[in-house]
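Listed below are the residues making up each chain.
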Amino acid sequence: MHRLKSGIYGLNPLLDGGVNENSTTVVIGRSGAGKTTFATQFIRRGLLGGQEGIFVSLDENKEQIIREAVEMGWSDILDYLDDELLVFIDASGREFSNFIRKELPAFVSEWKGSNARIAIDPLTPVLWSTKDLYEQRDLIGFMLKQTRKVGTVLCTLEEHGATDLSGPETVIPMYLADCVIHLKYNSDDAASSRSLKIVKCRNSRHSQSRHPYQILRGFGIVLEGGEARRPTTAKVPSQLRQMLLTRALPKAVLERLEKSLDGLTDDDFRTLKPDYVLELVLQEYQDA
Ligand SMILES: Nc1ncnc2c1ncn2[C@@H]1O[C@H](COP(=O)(O)OP(=O)(O)OP(=O)(O)O)[C@@H](O)[C@H]1O
Ligand SMILES: [Mg+2]
C-alpha cells in the first residue's frame, strides 16, 4: 500500500506512514477544531510533492478560503492557483444532488487518473440536502466513489453538540470512508483544548490513543509529542516468541504465530501481557 505524507505535523507515524493512496478520509470536528486547516494542509502537502490539488468547497466561497490560507501564512497557494495546479470548485449554495450526480461526473471524466488530492469541505450540507437516509448514503457513496477516481480524497464533517459520533449524520460518512479522524475541540475550558484520535483506518496499523495538538500559524496543525517521538519497543512480542518456542505446539501453528509476531511492537499489544496471550494460544492449539 503506497502511503502519502498527510502534511499534518506528527500524524504520519500514527497512521503507519501516512494516508493510503486513493483512499477516502473523513475528518470530523466542531466549528473551530481545525477542519479547513487540516484540508488545506493536506492539499498543500500534495502540491509540494508534485500532486495536483482540488478543493471542493460546499460552504465558504473560494475567496474566503484563500484569504484564510494566506492569513495562515500559506500565500504560495496563490501561485499554485495561477499555475492551475490547484483548482477550486465552489459548490456553496448549489443544489447538491444535481451537483453530485451531473457536474461532478463531468469533472471527474476530465481529471480521471490524474493522482490529485481532493478535499471536500465540509460534507455536512450534502447530508442536510435530504432527510432520506438512503438518499444521503447514496449521494455520499456516489461522491466518494467518483472523487476517488481522481486521486486521494479527504472530506471534513461538522460535529454537532452530541458527545459521541453515533448520529446518522456522522455514521454514514464514517462507515463509507476508509479512514476516520476525530478532531476534538473543547472551547469551554479556560484554556481551550484540542486533541486528535484516529477512529478507524482500513489497511493501516494506527494509533489508538488521543493526541493533543495545536494550531500554529505557518505550520497549521501540529501534534504534541507523545507517540510520534517515542521509540517503538518490541519487548512483548519478543518475550512471547521465546515462550512459544518452549511449548509443544504443532509445527505449522508455531511457524504461523512466529510469522505474525514479525513487525509487531509493544504498542500493538497495548494491555495484553505475553503470558496471558501464551495461555490463550495454548488453549486454542495445544490439543490440535
Ligand atoms: N492565521 C491563523 N493563525 C493562527 N491560528 C489560526 C489562524 N487561522 C485560524 N487559526 C486557528 O485555527 C482554528 C481552526 O480554524 P478552521 O477554520 O480550520 O476550523 P474549522 O474546523 O474549519 O471550523 P468551521 O467548522 O467553523 O469551518 C481557529 O479557530 C483558530 O484558532
Ligand atoms: Mg471550516
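### A few points about the site of ligand 1
And step 1. With respect to spatial proximity, 13 residues lie near ligand 1, and among them Ser 31, Gly 32, Lys 35, Thr 36 and Thr 37 are the closest.
And step 2. At 3.0 Å from an oxygen atom of ligand 1 is found a main-chain nitrogen or oxygen belonging to Gly 34.
And step 3. At a separation of 3.3 Å, a nitrogen atom of ligand 1 approaches a polar backbone atom of Glu 71.
And step 4. Within the complex, the protein chains bury 65% of what would otherwise be the 650 Å² of accessible surface of ligand 1.
And step 5. The greatest single-element share of the shell around ligand 1, amounting to 3 residues, is contributed by helix α1 (residues 35-48).

### A look at the sheet that holds strand β11 (residues 220-223)
And step 1. If you trace the 9 strands from one edge of the open sheet to the other, you get β5-β4-β6-β7-β3-β8-β9-β10-β11, paired in mixed fashion. On the outer flanks of this sheet lie β5 (86-90) and β11, each paired with one strand and no other. Direction aside, neighbouring strands of the sheet carry axes that sit 25 degrees apart on average.
And step 2. Two elements, strand β8 (residues 179-186) and strand β9 (residues 193-201), share 8 bridges in a ladder whose sense is antiparallel. When the sheet's bridge partners are listed, Ile 181 is paired in β9 with Ile 198.
And step 3. In the packing of helix α2 (residues 62-71) onto the sheet, contacts are made with β4 (53-57) and β5, and the angle to β5 comes to roughly 135 degrees.

### Details of the nonpolar core
And step 1. Counting residues in hydrophobic clusters, the biggest one holds 35 residues, and the most contacted among them are Leu 11, Phe 38, Leu 86, Ile 181, Leu 183, Leu 196 and Ile 198.
And step 2. Contributions of two or more residues to this core are made by α1, α2, α3 (77-82), β5, β8, β9 and β11.
And step 3. Ranked by residues supplied to this core, first place goes to α1 with 5 residues.
And step 4. Formed by 34 residues, the second largest nonpolar core is a distinct cluster that contains Val 26, Ile 140, Met 174 and Ala 177.

### Describing the packing of aromatic side chains
For any two aromatic rings, the description comes down to two numbers: the centre-to-centre distance and the angle of the planes.
And step 1. Overall, the coordinates contain 3 aromatic pairs when judged by the stated rule.
And step 2. Aromatic side chains Phe 107 and Trp 111 sit 5.5 Å apart centroid to centroid with 20 degrees between the ring planes, which places their arrangement in the stacked category. Here the residue Phe 107 and the residue Trp 111 both occupy positions in helix α4 (residues 96-111), the gap between them amounting to 4 residues, near one helical turn.
And step 3. Since its relative accessible area comes to 16%, Phe 107 is described here as buried.
And step 4. If you follow Arg 117 out to its NZ or CZ, it ends over the ring of Phe 42, 4.8 Å from the centre.

### Overview of the packing of helix α6 (residues 133-148) against helix α7 (residues 168-176)
And step 1. Between α6 and α7, the least distance of the axes is 10 Å, while the angle of their chain directions is 35 degrees. The two elements α6 and α7 cross, and the hand of that crossing is right-handed. For the pair α6 and α7, the contacting residues are Leu 133, Gln 136, Arg 137, Ile 140, Gly 141 and Leu 144 in the first and Pro 168, Ile 172, Pro 173, Tyr 175 and Leu 176 in the second.
And step 2. Partitioned by chemical class, the residues of the contact of α6 with α7 number 8 nonpolar, 2 polar and 1 charged.

### A closer look at the domain arrangement of the chain
And step 1. Per the domain assignment, the segments making up the chain are domain 1 (3-228) and domain 2 (235-285).
And step 2. Using only C-alpha atoms to locate each centre, domain 1 and domain 2 end up separated by 39 Å.

### Digging into unusual backbone geometry
And step 1. Between Asp 121 and Pro 122 the backbone carries a cis peptide bond, its omega angle lying at -20 degrees.
And step 2. As for its position among the elements, Pro 122 is in the loop between β6 (116-121) and α5 (124-128).
And step 3. Its identity as a non-glycine residue notwithstanding, Asn 115 has a phi of 55 degrees, on the positive side.
And step 4. By secondary structure assignment, the location of Asn 115 is in the loop between α4 and β6.
And step 5. With a phi close to 65 degrees, Asn 203 is a non-glycine residue in the positive phi region.
And step 6. Within the element layout of this structure, Asn 203 appears in the loop between β9 and β10 (210-216).
And step 7. In this structure Asn 203 comes out as exposed when scored by relative accessible area, which is 56%.

### Some words on the side chain of Arg 44
And step 1. Take Arg 44: it is sitting in helix α1.
And step 2. When its relative accessible area of 18% is taken as the criterion, Arg 44 is described as buried.
And step 3. What Arg 44 contacts, discounting residues up to four positions off in sequence, is Trp 74, Asp 76 and Ile 77.

### Quick notes on a nonpolar patch on the surface
And step 1. On the surface, a nonpolar cluster with roughly 290 Å² of combined accessible area is contributed by Tyr 9, Leu 216 and Phe 219.
And step 2. In this structure, Leu 216 sits in strand β10.

### Things to note about the state of the cysteines
And step 1. Summed over the entire model, instances satisfying the criterion amount to 0 disulfides.
And step 2. Here Cys 179 is not cross-linked by a disulfide; its sulfur's nearest cysteine counterpart is in Cys 201, at 3.1 Å.
And step 3. What makes Cys 179 buried here is its relative accessible area of 4%.
And step 4. We classify Cys 201 as buried; its relative accessible area is 11%.

Rules and cut-offs
- Residues numbered from 1 in each chain as written.
- Chains lettered and ligands numbered in written order.
- Predicted model: local features only at pLDDT ≥ 70, side-chain atom pairs only at ≥ 80, totals over all residues.
- Heavy atoms only, no water.
- Near = heavy atom within 4 Å.
- Polar contact = N/O pair within 3.5 Å; in protein donor to acceptor, adjacent residues only side chain to side chain.
- Areas by Shrake-Rupley, 256 points an atom, 1.4 Å probe, with all protein chains shown as cover.
- Helix = DSSP H or I, 4+ residues; strand = E, 2+ residues; numbered from the N terminus.
- Pairing = 2+ DSSP bridges.
- Axes fitted to C-alpha atoms, helices over the stretch in contact; angles between N-to-C directions.
- Contact = heavy atoms within 4.5 Å.
- Core = buried A, V, L, I, M, F, W, Y, C linked by side-chain atoms within 4.5 Å.
- Buried < 20%, exposed > 50% of the residue type's maximum accessible area, 1.4 Å probe, protein only.
- Phe/Tyr/Trp six-rings, centres within 6.5 Å; stacked < 30°, edge-to-face > 60°.
- Lys NZ or Arg CZ within 6 Å of the ring centre and 35° of its normal.
- Left-handed = near helix turned anticlockwise from the far one by under 90°.
- Nonpolar A, V, L, I, M, F, W, Y, C, P; charged D, E, K, R; others polar.
- Domains from an automatic or database assignment.
- Patch = residues over 30% accessible without salt bridge, like charges linked within 9 Å, V, L, I, M, F, W, Y side chains within 5 Å.
- Salt bridge = Lys/Arg side-chain N within 4 Å of Asp/Glu carboxyl O.
- Disulfide = S-S within 2.5 Å.

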